[in-house]
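Structural overview for review
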Amino acid sequence: MPEFVHLHNHTEFSLLDGATRVGDLADIMVEHKSPAVAMTDHGNLFGAVSFYKAIKARGAKPILGCEVYVAPGDRRERKNVRGQTNAYHLVLLVKNETGYRNLNRLVTKAYMEGFYYKPRIDWELLQEHHEGLIALSGCMQGEIAQAIVAGDRDEARRKTRMFVELFGKDFYLEIQANGLPEQELINRQKRDLAAELGIPLVATNDNHYLRREDAYPHDCLLCIGTRSQLEQQDRMRFPNDQFYVKHPDEMWETFADVRESLDNTLRIAEDCNFDFEFGTFHLPRFGDPGDDLDAMLEEVAQKGLERRLDQIAQSRDLTAEQRHAYQERLAYELGVIREMGFAGYFLIVSDFIRWAKQNRIPVGPGRGSAAGSLVSYAIEITDLDPLQYGLLFERFLNPERRSMPDIDVDICMNRRGEVIEYVSNRYGGADHVAQIAAFGTAKGRQIFKDVGRVFGLTFADTDRITKLMPNPPAEFSLKELWESDADLRQAVQADPRLEDVYRVAQQLEGITRHASVHAAGVVLSDRPLVDHLPLFRGEHGESVTQF
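This section reports on the structure supplied with the text. (Residues numbered from 1 in each chain as written. Predicted model: local features only at pLDDT ≥ 70, side-chain atom pairs only at ≥ 80, totals over all residues. Heavy atoms only, no water.)

What follows concerns the environment of D410. Mapped onto the fold, D410 is located in the loop between α14 (374–378) and α15 (416–426). Residues D410 and A520, 110 residues apart in the sequence, show an inter-C-alpha distance of 9.1 Å. Ignoring sequence-local partners within four residues, the contact set of D410 consists of P362, V363, G364 and R367. At 2.8 Å, the side chain of D410 forms a polar contact with the side chain of R367. (Helix = DSSP H or I, 4+ residues; strand = E, 2+ residues; numbered from the N terminus. Contact = heavy atoms within 4.5 Å. Polar contact = N/O pair within 3.5 Å; in protein donor to acceptor, adjacent residues only side chain to side chain.)

Per the counting criterion, the structure on display carries 38 salt bridges. For R101, the salt bridge identified is with E97, shortest N-O distance 3.1 Å. Within this pair, R101 and its partner E97 are both found in helix α3 (residues 97–112), separated by four residues, close to a single helical turn. Among the residues examined, R101 registers a relative accessible area of 27% and is labelled partly exposed. For E97, a relative accessible area of 38% corresponds to the partly exposed category. Of the charged contacts, one joins K467 and D463 as a salt bridge, the two residues approaching to 3.3 Å between their closest N and O atoms. Salt bridges here are not isolated pairs; linked through shared partners, they connect D74, R75, R76, E113, D122 and E124. (Salt bridge = Lys/Arg side-chain N within 4 Å of Asp/Glu carboxyl O. Buried < 20%, exposed > 50% of the residue type's maximum accessible area, 1.4 Å probe, protein only.)

It is worth spelling out the packing of aromatic side chains at this point. All chains considered together, the criterion is met by 26 aromatic pairs. Ring plane angle 20° and centroid distance 4.5 Å describe the contact between Y100 and F274, whose orientation is recorded as stacked. Of this pair, Y100 sits in helix α3 while F274 is found in the loop between α10 (259–271) and α11 (293–313), placing the two residues 174 residues apart along the sequence. Among the aromatic residues, those joined into a ring-pair cluster are F13, F46, Y111, F115, F439 and F536. A cation over a ring is seen here: K53 above F278, with NZ or CZ 4.9 Å from the ring centre. (Phe/Tyr/Trp six-rings, centres within 6.5 Å; stacked < 30°, edge-to-face > 60°. Lys NZ or Arg CZ within 6 Å of the ring centre and 35° of its normal.)

Below you can see the structure in the form of structure tokens.
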């Protein structure tokens, strides 16, 4: 069987536009015996880590990428010109570590500086951050394709030369087979440009769903995203059912006369060699570069324990043997912390808790496994004496299970932002600190209502069914409810429209539908965060990690 690599794929992280679950994409790559596959979601890298892990687990090569939106002018301009697009499409694939960091910067600045309906970059940013990236000219919404459709071959040629000058041999003219007359015109003229200018072609399929039969639920997903109904004539829709992950045999049959465009998918896959480095910590620096953090923590903890023991002695007798037990436990914990390299972490957490208390911001006494740490008690991270209650340090930190300490800190929600601002200013600046993304998924009751609206059903129609579902939702999928709840099944089967809604809702249940901000998590780094991962802007202007 001839090999082929899909380099243009939209997953569920092309929010409410892609219907392919990451795990399903990984599975079909095994089915197709593909050596590699790319993720190129619209404007973001939200799914990069889950995609990477899923593809690696199947023994194939994950290629990170993004279909970025490119502003026609300056990314900071916020205006619409009648008859003109405010963003072209361009596919960027990561070749190496440099490319990954550059793509991080591109998609971050697209949100932070260029957001206008969509996160947008511009030519200035491409010139600044193109190294280590492979560029594909994109779908029908790419700059070159749009010039061809407009009948301006000179402009198409000019744009092509601009991309070649920037990306060199890492620029490919992308041809697709989606059964559209405009695409056939684009393919012909791109082939002419390739021959004229000596530019390689690459075949892709702009996949938005997994299999051909998924075109219908994908259409419903588009309606949810655009708040429209299936029967509306002027709504956004895909023109046919060709935007699925086609088998390599189909791609070879379609592009049999342009074999190099198929071979080039393998060539590109060979050129892309980036791996995430998991398990390495990038902790922000406490104190000055030359400071001995282990010695600093030991000194602070020793003084803190003496204060704590003096307080304890005021309420109960402490024998010399008991005091010795505290000192032994402290020495043991400090040794583990030194061995695992987390002295700075404890000093930082202690620092911002102390600052919060000094500024009369309520902080909880501590909970979870961190309450088993005497060091945490000594340096006032917690207010619970672990020896008094027989709490185990090993549940918190264990050298045989190397992982970050997990200290739950409860800070008053009304002034929590002040603590985050302090941490930002104290540890490297705003570009070193961000809140963490959370992803909402399509839950059973809600997705049933959403699909019902798409079908034109009234609230009363769907409400009658959702009232039969567990609320709050139990650990049951719509499929499991269908099989186990006879009353629900009978109510749905009484109306053919409801059966259709339930079937589509089952297919879309669990898909990622929006990105938001985690209620609690904040991440700090030793270097600007974009060295490690991309960011986006939250609803209130805060920096948020895309993973």
